[in-house]
Structure formats: C-alpha cells, structure tokens
Amino acid sequence: MAMLNPYNYSKPAAKAVLRSPNKPLVHQATKQKSQHDAYLEQKILTASPQELTLMLYEGLIKFIKMARLFNEQGNIGKTGEHLIKAQAIVSELQSTLDMDYEISNEFDALYDFIYDKLVESNVEKNEQHMLDALVIAEEMRDTWKEAMSLL
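All figures in this text were calculated on a predicted structure; none of them were measured in a lab.

1. Some details on the overall build of the protein chain
Within the protein chain, the regular secondary structure consists of five helices and zero strands. When the helices and strands of the protein chain are listed from N to C terminus, the series reads α-α-α-α-α. Each of the 151 residues in the protein chain was classed as buried or not, and the buried ones make up 33%. Long-range pairs, those at least 24 residues apart, make up 76% of the contacts in the protein chain between residues at least 6 apart in sequence. Put simply, the protein chain shows about 9700 Å² of open surface, and 56% of that area lies on carbon and sulfur atoms.

Right under this line is the structure:
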C-alpha cells in the first residue's frame, strides 16, 4: 500500500570530500565527531522520503525542548539559537510540501502556526509559546509515525 506523501523531497547530492596530503594529525575527539557526522550523512542519504520527514520532526522536537531547557536556565543566547534551528526545520518542512495534495494546505497552516509561535518565543522568551509549538510538533510526529507503520 503506497503512503500518501505530501512532501516533495529530492535526496541531497553526496558531497565530495577533499583531503590535503599535508593535513596534520586529527585529534581523537575530532575524529570521532567526523565519524559520527559521516554516519549521520549516510543515514540521511539512504533514508526514504518518509524517514526524512520523521527525522525532521524529531529534530524540530529536540530543538524546541532544548530551547525550553535553556530558557529555564536563563541562557538567552542558547534559547534563541535552538529556536532558530527549530524555525529552519519548520521552513524546510513547509518548503517541501507538494501543494497538489489537498492535505498540504492543512500542513501549511499548521507549519505557519508553529513557526509564528517559535518566532514569538524567540522575541518574548515565552515558555507557553514554546509549549504550544512543541505540542503540535509532537502530535504531527506521532501521526506521521503511525502512518509510516501502516506501510
């Protein structure tokens, strides 16, 4: 059974990695980070469009939760940084909607709402706005996971 996918993704092109022969030895932490980055890049490149959407929802939720945590701690800079990352994910989800599907208009309206709440959160550092965005993002993620399980 094919899943109705209102998103129009094209996979990112693999990046060419250029290495200098005179490159100094890499510190172990940097090497582990680059291995993790390579793993994540491979995970993204091999993911289905449905899995990519789920990853975006997971990232959105993670960044909103991190923003809430930093907001509670009074770290305004980190709060803003994570809210901006969440906004970028919402923009990505919104930009990939395939408007040929009627449901895409409903998703678009929800993304507008979430984005507006994230902007208001960033301006006002208002916990309630972050919570409003988080609740909808979690509901959308859960619904998406349920739809994926029906495949």
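Having seen the model, we can carry on.
2. A word on the packing of helix α2 (residues 49-72) against helix α5 (residues 127-149)
Contact geometry for α2 and α5: axes closest at 9 Å, N-to-C directions at 155°. One element, α2, and the other, α5, form an angle in the roughly antiparallel class. Remark: the crossing between α2 and α5 carries left-handed chirality. Looking at side-chain class alone, the contact of α2 with α5 contains 14 nonpolar, three polar and nine charged residues.

3. Section: the confidence of the model for the protein chain
Averaged over every residue, the pLDDT of the protein chain is 84; residues scoring 70 or more account for 76%. Low pLDDT, under 50, characterises residues 11-21; the predicted model gives this stretch nine contacts beyond four residues in sequence or across chains.

4. Comments concerning α2
Here α2 spans 35 Å end to end across 24 residues, near enough to the 34 Å set by a 1.5 Å rise per residue. One or two positions beyond α2, positive phi appears at G74, with a value near 80°.

5. A word on the packing of helix α4 (residues 103-124) against α5
The interhelical angle for the contact between α4 and α5, taken along N-to-C directions, is 150°, at an axis separation of 8 Å. Looking at the two axes, α4 sits roughly antiparallel to α5. Crossing angle aside, the handedness with which α4 passes α5 is left-handed. Counted together, F107, L110, Y111, F113, I114, K117, L118, E120, S121 and E124 of α4 and H129, M130, D132, A133, I136, A137 and M140 of α5 form the full contact between these two elements. The class makeup of the residues in the contact of α4 with α5 is 11 nonpolar, two polar and four charged.

Cut-offs and rules
Residues numbered from 1 in each chain as written. Predicted model: local features only at pLDDT ≥ 70, side-chain atom pairs only at ≥ 80, totals over all residues. Heavy atoms only, no water. Helix = DSSP H or I, 4+ residues; strand = E, 2+ residues; numbered from the N terminus. Buried < 20%, exposed > 50% of the residue type's maximum accessible area, 1.4 Å probe, protein only. Contact = heavy atoms within 4.5 Å. Areas by Shrake-Rupley, 256 points an atom, 1.4 Å probe, with all protein chains shown as cover. Axes fitted to C-alpha atoms, helices over the stretch in contact; angles between N-to-C directions. Parallel < 35°, antiparallel > 145°, perpendicular 65-115°, else oblique. Left-handed = near helix turned anticlockwise from the far one by under 90°. Nonpolar A, V, L, I, M, F, W, Y, C, P; charged D, E, K, R; others polar. pLDDT = per-residue confidence, 0-100. Expected span 1.5 Å × (residues − 1).

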